[in-house]
Structure formats: structure tokens, C-alpha cells
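# Analysis of the macromolecular model
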Amino acid sequence: MSFSFPESFLWGGATAANQIEGSHKKDGKGLSTSDVQPFGAFGELVYREEGDFNIKDVAIDFYNRYEEDIALFAEMGFTCLRVSIAWSRIFPNGNDSEPNEMGLAYYDRVFDEMAKHNITPVVTISHYEMPLNLADKYQGWASREVIGFFENYAKVLFKRYKDKVKLWLTFNEINVTLHEPFTGSGLPRDCSEQTRFQAIHHQLVGSAKAVKACHDIIPDAKIGNMILGAIQYPLTCKPEDVMHTLTQNREWLMFGDIQARGYYPSYMTRKFKELGVELNITEDDTESLKETIDFISFSYYMSGCASTDPGEAEKASGNMLNIIANPYLEASEWGWQIDPVGLRYLLNFLYDRYQLPLFIVENGLGAKDQLDENGEVIDDYRIQYLNDHLYQVGEAVQDGVPVMGYTSWGPIDLVSASTAQMSKRYGFIYVDRDDKGNGSLERKRKKSFHWYKSVISSRGQALQGPKQ
Ligand code: BG6
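Our subject in this report is the structure included herewith. In this text, all values refer to a predicted model and were calculated from it rather than measured experimentally. All chains use their own residue numbering, which begins from 1 and follows the written sequence. Since the coordinates come from a predicted model, pLDDT governs what is reported: local features require at least 70, and pairs of side-chain atoms require 80 or more to be given and counted, while whole-chain, interface and lining totals use all residues. Calculated side-chain values reflect all of the structure's heavy atoms, with hydrogen atoms and water omitted.

## Considerations on the site of the ligand
- Proximity is defined per residue: if any heavy atom of the residue lies within 4 Å of a molecule or strand, that residue is considered near it. Around the ligand, a shell composed of 15 residues is seen, among which Gln19, Glu173, Ala417, Ser418 and Tyr426 lie nearest.
- We define a polar contact as two N or O atoms separated by no more than 3.5 Å, with the added condition that, inside protein, one atom must be a possible hydrogen donor and the other a possible acceptor, whereas residues neighbouring each other in sequence contribute only through side-chain atom pairs. At a separation of 2.7 Å, an oxygen atom of the ligand approaches a polar side-chain atom of Glu173.
- Within the side chain of Tyr426, one N or O atom sits 2.5 Å away from an oxygen atom of the ligand.
- Per-residue accessibility takes into account occlusion by the displayed protein chains alone, with areas from the Shrake-Rupley method and a 1.4 Å probe. Against a free-state accessible area of 380 Å², the protein chains account for coverage of 100% of the ligand.

## Considering helix H12 (residues 340–354)
- Helix length check: H12 (15 residues) gives 22 Å between terminal C-alpha atoms against 21 Å at 1.5 Å per residue, within 8%.
- Whether a residue is buried, partly exposed or exposed follows from its accessible area with a 1.4 Å probe, protein chains only, as a fraction of its type maximum: under 20%, in between, or over 50%, in that order. Only DSSP runs of H or I reaching four residues or more are called helices, and only runs of E reaching two or more are called strands; each is numbered from the N terminus. Listed in full, the buried residues belonging to H12 are Pro340, Gly342, Leu343, Leu346, Leu347, Asn348, Leu350 and Tyr354.
- Just beyond H12, the residue with positive phi is Gln355, at close to 55°. One fewer than the residue count of a helix, multiplied by 1.5 Å, yields its expected span.

## What to know about the sheet that holds strand S2 (residues 80–84)
- Following DSSP output, two strands are said to pair if at least two bridges run between them. In spatial order, the strands read S1-S2-S3-S4-S5-S7-S13-S14; together these 8 strands close into a barrel with parallel pairing. The mean inter-strand angle of the sheet, taken between neighbouring strand axes irrespective of direction, is 25°.
- Note on definitions: a residue-residue contact is assigned when non-hydrogen atoms from the two residues lie within 4.5 Å. Each axis is a line fitted through C-alpha atoms, and for a helix only the stretch in contact is used; angles between axes span 0 to 180 degrees, taken between their N-to-C directions. Those strands touched by helix H14 (residues 447–457) are strand S1 (10–14) and strand S14 (403–409), and its axis lies near 150° from that of S1.

## Description of the pairing of strand S7 (residues 295–299)
- Judged by how many residues are buried, S7 sits mostly within the fold: 5 of 5 residues are covered.
- Both faces of S7 are covered, namely the face carrying Phe295, Ser297 and Ser299 and the face carrying Ile296 and Phe298.
- Relative to S7, strand S5 (residues 222–228) runs parallel, the two being bridged by 5 bridges. If you follow Asn225 over to S7, its bridge partner there is Ile296.
- Taken together, the 4 bridges between S7 and strand S13 (residues 358–362) define a ladder with parallel strand orientation. Paired with Phe298 across the two strands is Ile360, which belongs to S13.

## Brief notes about the packing of aromatic side chains
- Any two rings among Phe, Tyr and Trp, with Trp reduced to its six-membered ring, count as a pair given centres within 6.5 Å; such a pair is stacked if its planes are under 30 degrees apart, edge-to-face if over 60, and tilted if neither. Evaluation of the coordinates by the stated rule reveals 31 aromatic pairs.
- A connected cluster of aromatic rings, assembled from ring pairs, spans Phe62, Tyr63, Tyr66, Tyr106, Tyr107, Phe111 and Tyr161.
- Consider the ring centre and the ring normal. A charge sits over the ring if Lys NZ or Arg CZ is within 6 Å of that centre and within 35 degrees of that normal. Residue placement shows Lys368 over the ring face of Trp334; its charged tip is 5.3 Å from the ring centre.
- The cationic tip of Arg445 hangs over the ring face of Phe449; the distance from NZ or CZ to the ring centre is 5.4 Å.

## Topic: the environment of Phe272
- Relative to the elements of secondary structure, Phe272 occurs in helix H10 (residues 267–275).
- The spatial distance from the C-alpha of Phe272 to the C-alpha of Val83 is 35 Å, given a sequence separation of 189 residues.
- Phe272 has contacts with Phe197, Tyr264, Val277 and Leu279, leaving out every residue within four places of it along the chain.

## Remarks on the nonpolar core
- Here, the term nonpolar core denotes a set of buried Ala, Val, Leu, Ile, Met, Phe, Trp, Tyr and Cys residues that are joined through side-chain atoms within 4.5 Å. With 134 residues, the main nonpolar core has Trp87, Phe158, Trp168, Phe298, Leu347, Val393 and Tyr452 as its most contacted residues.
- Contacts of Val393, omitting those with residues within four sequence positions, involve Phe5, Phe9, Leu343, Leu347, Ile360, Val403 and Tyr406.
- Formed by 10 residues, the second largest nonpolar core is a distinct cluster that contains Leu10, Cys80, Leu167 and Phe359.

## Observations concerning the pattern of salt bridges
- Criterion for a salt bridge: a side-chain nitrogen of Lys or Arg within 4 Å of a carboxyl oxygen of Asp or Glu. Across all of its chains, the model carries 32 salt bridges by this definition.
- The partner of Asp108 in a salt bridge is Arg160, and the shortest N-O contact between them spans 2.8 Å. Here Arg160 lies in helix H6 (residues 145–161) and Asp108 lies in helix H4 (residues 101–116), a separation of 52 residues in the sequence.
- Classification of Asp108 by relative accessible area gives buried; the value is 13%.
- Residue Arg160 is classed as partly exposed on the basis of its relative accessible area of 29%.
- As a salt-bridge pair, Glu274 and Arg270 come within 2.8 Å of each other at their nearest N and O atoms. Of this pair, Glu274 and Arg270 are both found in helix H10, 4 residues apart, which corresponds to roughly one turn of the helix. With respect to class, Glu274 is no different from Arg270; both count as exposed.

Structural data, given as C-alpha cells:
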């Protein structure tokens, strides 16, 4: 690529508290919804007895090893790092009257460590977890009261970290409640459509109230949303497939439409009617939603296809979605279809729609890495995946899309959200831990570590274009 990414482009990696920190009860932390998902977001919920195994209790022990890990990120040249705050470290029960000082102090230490290395924090306020008490007592976001608890939590964060954090995201993959209601909103899995959409509504209002609080408390900060960029293509050019694909894409676009425009899109009126959903929207809700985000952030791992008549077409598994496989694409070991051009397409598509800056806050390849006879991880497949996607980001930048940055998912191996496996590895840094929790937790640079470092230092010039 004879093209350099802009100097202001942020390069880094993305993580989530419950997938890296461990120390799930330390320093006053309360249990979170993630703590009862020992088998991951798709697995059964287990209210464990003391002593039962959950890999996330230790995860990769970032809670105690953040200095070493941040130094490794700095060695790669990271200019940003996406982390999330565990809500239950700050409000152990969600509805406590005072925040937990030890939890707040922990994130102070993490942000200070990043600052030492000139790494800009990008902070998700809620990433796939909430205090378990809110799920148990209030049915999670089904309850309107949770809006107030969340707003209070967000305000505490903004006041405490206003000098340290200038880039915020409200909810990770806010559209996930459509696919996994407990993970997204603390709802029972068999909830009705009415409950699900009312909870989504409350969450959108909570998000908008956090945006307002951020604008008021930290006027020089930027706050974005975060959506699972589940772009789908029509399986065929049959008009019915094309129309159906539009409807499918609107399922996730609805979230960005509300967060970026400040009101429900008109196509939802028909959708709610067909589902028999009648939302309770107060005047205050309508006012609150008007506070819109400053940028759009999203995760992108794969694309998929949609059709009204899939016939024998193969299903694709993937990132919480239920989609049809694209016959032109290959897939990862977990069946996630690999589509680098889809990332350029999505960036252009979102910019055409919103005219807002975009931030790719997750993208990466989960793979079963093996140590070779020299104890090294030669992860050429990961380099290929990331190279091809980043090259397409460069294309999108040249298309005129204002891309703020790129954080690859899991710059260090971490626990998988969907399956709770350690063996589904994304990192540039290998962590010695297996699915059963065996291992020294020692960190080791993979081949991709050196590759990413060269990409960052060359501002993308080291990327290779597609083979002709
Ligand atoms: C995203 C989530 O959906 O995908 C992350 O925001 C998650 O939390 C990532 O880890 C990859 O998914 P998985 O299931 O491979 O961990």
C-alpha cells in the first residue's frame, strides 16, 4: 500500500473487563451477570456454589498484571486501548447508594498506567455485563428503574475520570439483546418480544442519558455507541431477497438510527405492529433520546447473507447471529465467514447513512494457536486476516470515510465471550492458560506481535494488497 493512514488515526486493541480481569470478588466487586455464565454467552446460567469452576474468575489475571500487559501493548506501538469498566466493581449491587472506592481506584491505576505509555483509553461503560442483583431483582433492563441506576453509574465514572478518559462508548454491541437477552440486558432468555423491546428501549434511553451526562461533565470528550456490525447481503438478486435483506439489516441499524438521529425510525412502526409490541415511551424518554452520539463505533468479524427462500443454502454460525453462508467466502475454525471487503463496504455504508466519524472497535480472528518446537506461535493465518481487513480500512479512508481508529479484538489472548474458551485465541500475545484453567499465565509475543508493530510504525504502509 503506498498509502499512509492519517497521523491522528488511533491504533490499538480492544478488551472487556469480564474477559480479562479475573479477581471477580476482589476489592468489593459484586457478582455480575457474566459471573453466572461459566459456559459463555450461549451456555446455561449457573448460580455457582463456592469452589465451582469458572474460567473468568481468574481470566488472564489482568487485574494484577495490567502493568506488564500495558507495557507489551506500548511495545507494539499502541496509541489507544479499549477497556471496559465492570459495573459491579463500582456498584456491587447496581442499586447501592455509594460507589465502591476500591473499584474506582483500580481503574485510576489502569488509566494512569496507560498515560505513562501515551496510550489513549477508549472506555466501554457496559460490556456484556451488569450487576447480577439488577438481573435478579429487577429483571435487568426490563425495569425502568435500571435507567436511573445506569445514569448514576455513568455520572460517577465521568466525574471521577474526566481528566483521564476522553473517549467513551455506552453499551457494547447494544443490538445483542435481540439475539442474547440475558447477556445484553439481564433478561430471562424466554422473555416475550414485548419485554425484550421495552428493555431495549430503556437501554437506549439510558445510553442517551449517559451521552448527555458526558457532554455536560466532560465537554471535551467524545462519546459513541457500539453496534455489532452485522451486515448482510442478499443471497441472490431476486427482488424478494433484496427487500428481505433490507429488513434484516434494519434490525441492527435501528439502534444506530436512534442513537445518531435521536428518534425511532419510521420503519419500526410497522415492525412493532407486526410483533404486537406496544412500547411505553414517556415524554422524558423522547426528550432524552434527542441527545445523540458523537461517533459510531462497531465490531466487525464477518458478513452474512439473507434470503426469503434459502432452500438448501448452508447456515453460517457466527457472532450471536443466525445467518446464511456466503458461497464466495471461507470461514474461521468457528464457522465465522471471513470477508475483508465487507469491512470497507460497511464503513462506506455507515458513513453514507450517518455522516459521523467511525471507529472500528473490534475485529479479529479466533483461532487455535499451537506452540511450535521452539515454543513460538507462528500465527500467519491471523496476520493474513488482520492484514486483509486493515488494507480495506485503508481503502475506506481513501474513499473519504473519516475513520478514527482501529482496535483489534483481544490483542492479548482472553476468554471467549460466546464459549468461555481460552483456546479461541485472538491475541498478538499468547497467554499460557487452557480451557480448564491450567497454565502459568505467562505472556509470550506471537509472530503477529512483531507484524502489528511494523504496521503501526509504518502507519499502514507495511500492509499488503490483495493478490491479483
Ligand atoms: C464481540 C464481543 O461480539 O465478539 C466480545 O463484543 C467477544 O466480547 C468478541 O469476545 C468475539 O467473540 P468470541 O465469542 O469469539 O469471544
